[in-house]
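# Close look at the chain arrangement
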Amino acid sequence: LESEGLFLPENKKQLPELPTRVALITSPNGAAIGDFLSNVGKHGLQITLYPALVEGKRAVESLLSALDRVAAKSEEYDVCVVIRGGGSLESLQAYNSEILTRRVAAMPLPTLCGVGHDKDITLVSLTADFMASTPTAVALQIHNSFENARHAVAAEEERLLGTYRQVLERTAYQLQGYPEH
């Protein structure tokens, strides 16, 4: 996988600045979905859940199916998010599957992966376009893109108001009969 370039930064898809349409692949019953939803923020996101098994013998098959369903509707989404909370090395084995890793690499839209906890790094995480150490960190990546945009708009508003004030002051000064200096 490494020799094929699946982990190389130059082969990663660029994440959109403000992703609003999110395909979320995870278990509907795990803590990961709650962590993600409580940290992604309220930015008018359209999040569509694609339920999948995240561990056990059928997890790879279930995750592949969810990825295929997202890929078939890729024009409806800005990003695909794959999350799962931490666990033992054995419980994360689905995310080290070669076929699942290749499917993530082939996704037609940018894929963010937050599987496990800080110390867990899976092959799927290495292949994803954005890798985070936890589901919460993926949510914060999306949330921060909106916060950064909000700050940029506020800074531009201040700049425009300052320019407008300068023009008004200069015009008022000229109207009072003083030459511009």
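This structure is a prediction, so every number in the text was calculated from the model and none was measured.

Paired through backbone hydrogen bonds, the strands of a sheet run either parallel or antiparallel to each other. Spatially, the five strands line up as an open sheet ordered β2-β1-β3-β4-β5, and their pairing is parallel. Edge positions in the sheet fall to β2 (46-51) and β5 (130-132), since each has one partner strand and no second. The mean angle between the axes of side-by-side strands here comes to 20 degrees, regardless of whether they run parallel or antiparallel. Both strand β1 (residues 21-26) and β2 contribute to a ladder of six bridges, which runs parallel. Along β2, the bridge assignment pairs Ile25 with Tyr50. Relative to the sheet, helix α5 (residues 135-175) contacts β3 (79-84), β4 (111-115) and β5, its axis offset from that of β4 by approximately 145 degrees.

Okay, the pairing of β1 next. Across the six residues of β1, five count as buried, placing the element largely inside the fold. Once you follow β1 into helix α1 (residues 31-39) and on to β2, the crossover reads as right-handed. Note: β1 against β3, four bridges, orientation parallel. Counted as the bridge partner of Val22 is Val79 from β3.

Take the packing of aromatic side chains next. One pass over the full model with this rule turns up one aromatic pair. Plain terms: the ring middles of Tyr50 and Tyr77 are 5.9 Å apart, the flat faces sit at 80 degrees to each other, and that makes the pair edge-to-face. Here Tyr77 lies in the loop between α2 (59-72) and β3 and Tyr50 lies in strand β2, a separation of 27 residues in the sequence. Comparing Tyr50 with Tyr77, the two get one shared label, buried.

Another aspect to go through is the nonpolar core. Most often, soluble globular proteins have nonpolar side chains that are buried together. Counting residues in hydrophobic clusters, the biggest one holds 25 residues, and the most contacted among them are Ile25, Leu67, Val70, Cys80 and Tyr95. When residues of this core are traced back to their parent elements, those giving at least two are β1, α2, β3, α3 (98-105) and β4. No other element matches the six residues that α2 contributes to this core. The residues contacting Tyr95, other than those within four sequence positions of it, are Val54, Leu63, Val82, Ile83, Arg84, Leu100, Thr101, Val115, Thr122, Leu123 and Val124. By size, the runner-up hydrophobic cluster in this structure holds 17 residues, among which are Val22, Phe36, Ala139 and Phe146.

What follows covers α5. The first and last C-alpha atoms of α5 sit 60 Å apart over 41 residues, in line with the 60 Å expected at 1.5 Å per residue. Among the residues of α5, Pro135, Val138, Ala139, Ile142, His143, Ser145, Phe146 and Glu147 are the ones counted as buried. Buried residues along α5 sit against α1, β3, β4 and β5. At the exit of α5 stands Gly177, carrying a positive phi of roughly 90 degrees.

This next bit is on the pattern of salt bridges. This model, assessed by the stated rule, comprises seven salt bridges. A salt bridge links Arg159 to Glu156; its shortest N-O distance comes to 2.6 Å. With Arg159 and Glu156 both in helix α5 and three residues apart, this pair spans about one turn of that helix. Each of Glu4, Glu98 and Arg102 takes part in salt bridges that share partners, so that together they form one network.

Definitions and cut-offs
Residues numbered from 1 in each chain as written. Predicted model: local features only at pLDDT ≥ 70, side-chain atom pairs only at ≥ 80, totals over all residues. Heavy atoms only, no water. Pairing = 2+ DSSP bridges. Helix = DSSP H or I, 4+ residues; strand = E, 2+ residues; numbered from the N terminus. Axes fitted to C-alpha atoms, helices over the stretch in contact; angles between N-to-C directions. Contact = heavy atoms within 4.5 Å. Buried < 20%, exposed > 50% of the residue type's maximum accessible area, 1.4 Å probe, protein only. Right-handed = clockwise from strand over helix to strand, strands pointing away. Phe/Tyr/Trp six-rings, centres within 6.5 Å; stacked < 30°, edge-to-face > 60°. Core = buried A, V, L, I, M, F, W, Y, C linked by side-chain atoms within 4.5 Å. Expected span 1.5 Å × (residues − 1). Salt bridge = Lys/Arg side-chain N within 4 Å of Asp/Glu carboxyl O.

Read these as geometric descriptors, not functional statements.
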